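So the chains spell out like this:
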Amino acid sequence: MGSNISERVLNILEWNEILKELFQRCQTPIGVKVVTSLQPLTAEAARNQLRDITGIKEIVIQEGAPDFTGITDIQSIINIASKGGILSIEELALVKNFIISSNRIRRFINNHMDVIIPIVERFSVISDLKGLGEVLIPSITDDNELSTSKYPELKDLKEKIFNSKKEIEKRLHNLIYSSSMDKIFQEKIHTTINNRYVLLVKANMKGRVKGRVHDLSSSGATYYIEPDAVSGLNNQLIVLQMELQVEINRILRILSREVSRFSSEIIDNLNELAHFDFLVAASKFSISLKGNEPEISDDFIISLHDARHPLLYLMNPDTIVANDISIGKGYNCLIISGANTGGKTVLLKTVGLCALLTIYGLHIPASADSVIGIFSKILADIGDDQSISQSLSTYSGQIVIINEMIEMADRSTLALIDEIIVGTNPRQGAALAQAILESMIDTEAKMVITTHYSELKDLASLDGRFCNASVSFNAETLNPTFNLRIGIPGSSFAIEIARNYGMSEKIISRSRELIDDREITTEALIESIQKHKEMMDEEQKRIEGLKEQLLREKNRYIDFQSKVKNRIEEIRSERGIEFLEELRKHRDEIANRITDLQKSDIRALGKLQQDIIKIDDDISTKLKRDSKKRFSNSYIPFDPKIVEIGDSVFIVPLEREGRIESIDISEMSIQLLLGNSIKTRYKFDDLLIPKTRQGDKERLKAAKKIEKEGIIKIKSRIPQTVQTSYNTIDLRGLKVNDALFRIEQDFDRMIRNGISAAIVIHGHGTGALKKAVRSSLKFSPYVRDFRPGEYGEGGDGVSIVLLRD
């Protein structure tokens, strides 16, 4: 079921201002087109789009938005090509840049597959346009010229044209500066008319120059004459220029046909990238709002937490008060009362805009635990909305609008009415307002209204489908607080506010006399309830503060306990070391005594020595176990099934990390590299693994499978690779986009030629090219594995790539 929102309601809720905020955050004209054509969504479509925006938002917060430079609206260009038209070089350059940019954004999406899997699936249809890119990208230079290296015939013609021009200019120069013709030229320069070189000759000297007159100045003082000495060269030059243009047109025709072949893929890319730009803009809008993805309910309910008016929040985020607003659970109509200037109208628009944002699949300015349904209709009468064109009064205009609401209302309707039924007799107005609300509530429509009528405040106590709410007001300062209180009606404070604005005390006293006792009692009761509610809220805040303080103390105590425990372990370990050293001294001393006493009883002395060794071993074992406990916060016990060559492990005896060079399962030992050159070997029992590897679920899963099959898998290294002209890709000096395109081309060539390993030279530089290359290698379909170069291969300035079969 789709939603139907009238233009009048969109204008009331200032929806165009929301769209403007989205326009400003789009990076492309095609993204702006998506915003201008936004339509209400079904619940399922809204859920999917909200989820997409959430995923993109996470990436934008961490790394920034993707770069859409080069993505332009080339729809009309593609239409020309698809109809057989010939594109200009400038138009082809726009298509070329679009291809490069499409692939850049495509890689951005694929690089974040772990965070935005639904987005990757949604935009997997974005084509790499590889076939067209292979033709177009090398054909057009960065200066938007046809490449002479790609088309050598162009280079040959351009050289001939250059030489012809040079020869013509040389001959003209000799004529101009000839002593015999010193006085005949108006100016000692040459120019061209219809692509033919001419000289500027004085009218009275035109007979001195043999040649053809091509033009005459407006004053008649200057003749433009083509000397016979360059006439033949001019003819040759024009022929060459025509040949050049013919060749250019031939190439443009070929390239345009190629564009036509890929026209449907390009149009698909345009549509997908336009939508992706819109989603990125929506994520940036959400960041500005501190917005969130609400839970979309299949029921027509609204449960907003910490909701804020989006436009007011963007203008001044520090002063906007957030409120909790709920409709549709237990009651269907929220009746908001309270003082003027208290923010009632802002609350109505906040509810309406949150409902609209959800209908259009956009984040709302509220907390993530907010729940909202997709309403089929939003009806509104907010502010001065009477029909001036029909010369209707405020009252009459509101009656016309409310009558339309009554006819349209159903259970999927959200109705917002500001100051229901005003501009008429208050008693009759209150009665009519109550009758209207009772009629609309029977349709199960969800309503939020504002009023000053006391009769409507009483309605909630008589009918459970209604609920009172109020915007609080400080009776002492006579200033609004803009806080919404559900369940409590509000006092209008009309007399108090009038006094605050300078109304005479005589009028204030008389007004109080004129209010009947019932209304005075009701207003006093409401004021009393509000004061008690404020006191309860203050007490609640104080209790929450105490809870937070107790929680901090509890956490501090737990932290202290942990530190004490760790310190006890450290002390035990230190004492164990001291004891071991002391034991070793005693053992040496006893050994010396054994030598002196060997003649007495060799068997007894041997037993004594064995006892000492056993004690030594026991203490050493205990010490090693205690040492491991010292590092248990950062490391876990060693397990050969979850480590690979090149991983770091912690060496307990050395209290430092080393890198794995090889694993010997039979000997239960590992050869380790310390620093850059020191190699050593340790038993599994002397090693620990950093806890960061503990979360590698996929590797643990694979390890269990290997263990079940009775095999220990040790990752094989990429072999030492020697550079040749066949296996080396030199990217130095290339731009990132050109480099990444070149890599894919060369990998494809190498695999077809049976080359198994490649050397990619990217250098060090700023590190940007190296980072981009290695990032792309992770997702390349041609790559099985890769590593940095080693000593003798080019070091970290190259990447050694193992290609797929």
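Nothing here was measured: the structure is a model prediction, and the numbers come from that model. (Residues numbered from 1 in each chain as written. Predicted model: local features only at pLDDT ≥ 70, side-chain atom pairs only at ≥ 80, totals over all residues. Heavy atoms only, no water.)

Participant: Describe the overall build of the protein, listing the residues and the values that go with them.
Facilitator: Secondary structure summary: the protein contains 23 helices and 24 strands in total. Counting over 805 residues, the protein shows a buried share of 42%. Within the protein, residue pairs in contact and separated by at least 24 positions form 68% of the contacts whose partners lie at least 6 positions apart. A total accessible area of about 43,200 Å² is found for the protein, and carbon and sulfur atoms account for 51% of it. (Helix = DSSP H or I, 4+ residues; strand = E, 2+ residues; numbered from the N terminus. Buried < 20%, exposed > 50% of the residue type's maximum accessible area, 1.4 Å probe, protein only. Contact = heavy atoms within 4.5 Å. Areas by Shrake-Rupley, 256 points an atom, 1.4 Å probe, with all protein chains shown as cover.)

Participant: Outline the pairing of strand S17 (residues 656-664), listing residues and values.
Facilitator: Two strands pair when backbone bridges link them, and strand S16 (residues 648-651) and S17 are joined in this way by 4 bridges, in the antiparallel orientation. Within S17, the position partnered with Phe-650 by the bridge is Glu-657. In this antiparallel pair of consecutive strands, S16 and S17, the connection spans 4 residues, and Glu-655 shows a positive phi of 55°. Between the end of S17 and the start of strand S18 (residues 669-674), which pair antiparallel, lie 4 residues, with Met-668 showing a positive phi angle near 55°. (Pairing = 2+ DSSP bridges.)

Participant: Give me the pattern of salt bridges: which residues, what numbers.
Facilitator: Counted under the stated rule, the structure contains 26 salt bridges. One salt bridge connects Asp-52 with Arg-51, and the closest N-O pair in it is separated by 3.9 Å. In this structure, the salt-bridge partner of Asp-730 is Arg-732, at a minimum N-O distance of 2.8 Å. Given the relative accessible area of 30%, Asp-730 is considered partly exposed. (Salt bridge = Lys/Arg side-chain N within 4 Å of Asp/Glu carboxyl O.)

Participant: Could you give me a rundown of helix H15 (residues 426-441), with the residues and numbers involved?
Facilitator: Taking 1.5 Å of rise per residue, the 16 residues of H15 would be expected to cover 22 Å, and the 22 Å separating its terminal C-alpha atoms lies within 8% of that figure. All buried positions along H15 are accounted for by Gly-429, Ala-430, Ala-433, Ile-436, Leu-437, Met-440 and Ile-441. The arc that holds the buried residues of H15, viewed along the axis, is 130°, so those residues lie on one side. Facing away from the buried side of H15, by more than 90 degrees, are the exposed residues Arg-427 and Gln-428. (Expected span 1.5 Å × (residues − 1). Arc of directions from axis to C-beta.)

Participant: Tell me what's going on with the pairing of strand S4 (residues 222-227), and back it up with residues and numbers.
Facilitator: Burial of S4 is extensive: 6 of the 6 residues sit out of reach of the surface. Bridge count between strand S2 (residues 196-202) and S4: 4 bridges; the pairing is antiparallel. By the bridge assignment, Val-201 is partnered in S4 with Tyr-223. Inspection of the sheet shows strand S3 (residues 211-216) paired to S4 by 5 bridges, in the antiparallel sense.

Participant: Any details on the nonpolar core? Residues and values, ideally.
Facilitator: Side chains of a nonpolar character, in soluble globular proteins, are inclined to be buried together. Counting 126 residues, the largest nonpolar core has Trp-15, Val-95, Val-259, Ile-266 and Phe-276 as its most contacted members. Here this core gets 13 residues from one element, more than from any other, and that element is helix H11 (residues 263-289). When sequence neighbours within four positions are dropped, the list of residues in contact with Val-95 reads Ile-74, Ile-77, Ile-78, Leu-132, Leu-136, Val-259 and Ile-266. With 25 residues, the next largest nonpolar core counts Cys-333, Ile-421, Ala-430 and Ala-433 among its residues. (Core = buried A, V, L, I, M, F, W, Y, C linked by side-chain atoms within 4.5 Å.)

Participant: Any details on unusual backbone geometry? Residues and values, ideally.
Facilitator: With a phi close to 55°, Asn-194 is a non-glycine residue in the positive phi region. Note on placement: Asn-194 falls in the loop between strand S1 (185-193) and S2. For Asn-194, a relative accessible area of 66% corresponds to the exposed category. Residues other than glycine seldom take positive phi values, yet Ile-421 does so here, at roughly 55°. Structurally, Ile-421 can be placed in the loop between strand S11 (413-417) and H15. For Ile-421, a relative accessible area of 0% translates into the label buried.

Participant: Tell me about the sheet that holds S3, and name the residues and values.
Facilitator: Ordered by their spatial adjacency, 4 strands build an open sheet running S1-S2-S4-S3, and the pairing between neighbours is antiparallel. Two strands lie at the open edges of the sheet, namely S1 and S3, each paired on one side alone. With direction set aside, neighbouring strand axes in the sheet form an average angle of 35°. Taken together, the 5 bridges between S1 and S2 define a ladder with antiparallel strand orientation. If you follow Phe-185 over to S2, its bridge partner there is Val-201. Across the face of the sheet, helix H10 (residues 228-261) comes into contact with S2, S3 and S4 while running at roughly 75° to S4. (Axes fitted to C-alpha atoms, helices over the stretch in contact; angles between N-to-C directions.)

Participant: Would you mind going over the packing of helix H5 (residues 75-82) against H10 in detail, with residue names and values included?
Facilitator: When two helices pack together, their arrangement is given by the angle between their axes and by how far apart the axes lie. It is at 8 Å that the axes of H5 and H10 come closest, and there the two elements cross at 105°. Classified by the angle their axes make, H5 and H10 are roughly perpendicular. Here Ile-78, Ala-81 and Ser-82 of H5 lie close against H10, whose contacting residues are Ser-256, Val-259 and Ser-260. Residue composition of the contact of H5 with H10, by class: 3 nonpolar, 3 polar and no charged. (Parallel < 35°, antiparallel > 145°, perpendicular 65-115°, else oblique. Nonpolar A, V, L, I, M, F, W, Y, C, P; charged D, E, K, R; others polar.)

Participant: Can you explain helix H2 (residues 15-25)? Please cite residues and give values.
Facilitator: Buried within H2 we find Trp-15, Ile-18, Leu-19, Glu-21, Leu-22 and Arg-25. Across the axial projection of H2, the buried residues extend over an arc of 155°, all falling on one side. Where H2 is buried, its residues contact helix H1 (7-12), helix H3 (29-36), H11, helix H12 (310-315) and helix H13 (344-359).

Participant: Quick one: what's the story with the sheet that holds strand S20 (residues 687-690), residue by residue and with numbers?
Facilitator: One open sheet holds the 6 strands; their spatial order is S15-S20-S16-S17-S18-S19, and the pairing between them is antiparallel. Each edge of the sheet is formed by a strand with only one pairing partner; in this case those strands are strand S15 (635-637) and strand S19 (678-683). Across the sheet, the mean angle separating the axes of adjacent strands is 45° when strand polarity is ignored. The sheet contact formed by S15 and S20 spans 3 bridges and is antiparallel. Across the sheet, residue Tyr-635 finds its bridge partner in S20, namely Pro-690.

Participant: How would you summarise the side chain of Arg-308 if you had to cite specific residues and measurements?
Facilitator: On the secondary structure map, Arg-308 appears in the loop between strand S6 (302-307) and H12. Although Arg-308 lies buried, it forms no salt bridge, and the closest oppositely charged side chain, Asp-306, sits 6.9 Å away as judged by the N-O distance. At 3.4 Å, the side chain of Arg-308 and the backbone oxygen of Lys-290 are in polar contact. At 3.3 Å, the side chain of Arg-308 and the backbone oxygen of Asp-306 are in polar contact. Setting aside residues up to four positions removed in sequence, Arg-308 forms contacts with Leu-289, Lys-290, Tyr-313, Ile-320, Val-321, Ala-322, Thr-350, Pro-365 and Ala-366. (Lys, Arg positive; Asp, Glu negative; His and termini not counted. Polar contact = N/O pair within 3.5 Å; in protein donor to acceptor, adjacent residues only side chain to side chain.)

Participant: Go over the confidence of the model for the protein with me, naming the residues and quoting the values.
Facilitator: When pLDDT is averaged along the protein, the result is 81; 78% of the residues meet or exceed 70. Least confident of the elements in the protein is helix H21 (residues 697-708), whose mean pLDDT is 47; most confident is strand S9 (residues 371-373), at 96. Within the model, the stretch residues 474-480 combines pLDDT values under 50 with 11 contacts to residues more than four positions away or in other chains. Confidence drops under a pLDDT of 50 for residues 699-716, and excluding neighbours within four residues, the segment shows 19 contacts in the predicted structure. (pLDDT = per-residue confidence, 0-100.)

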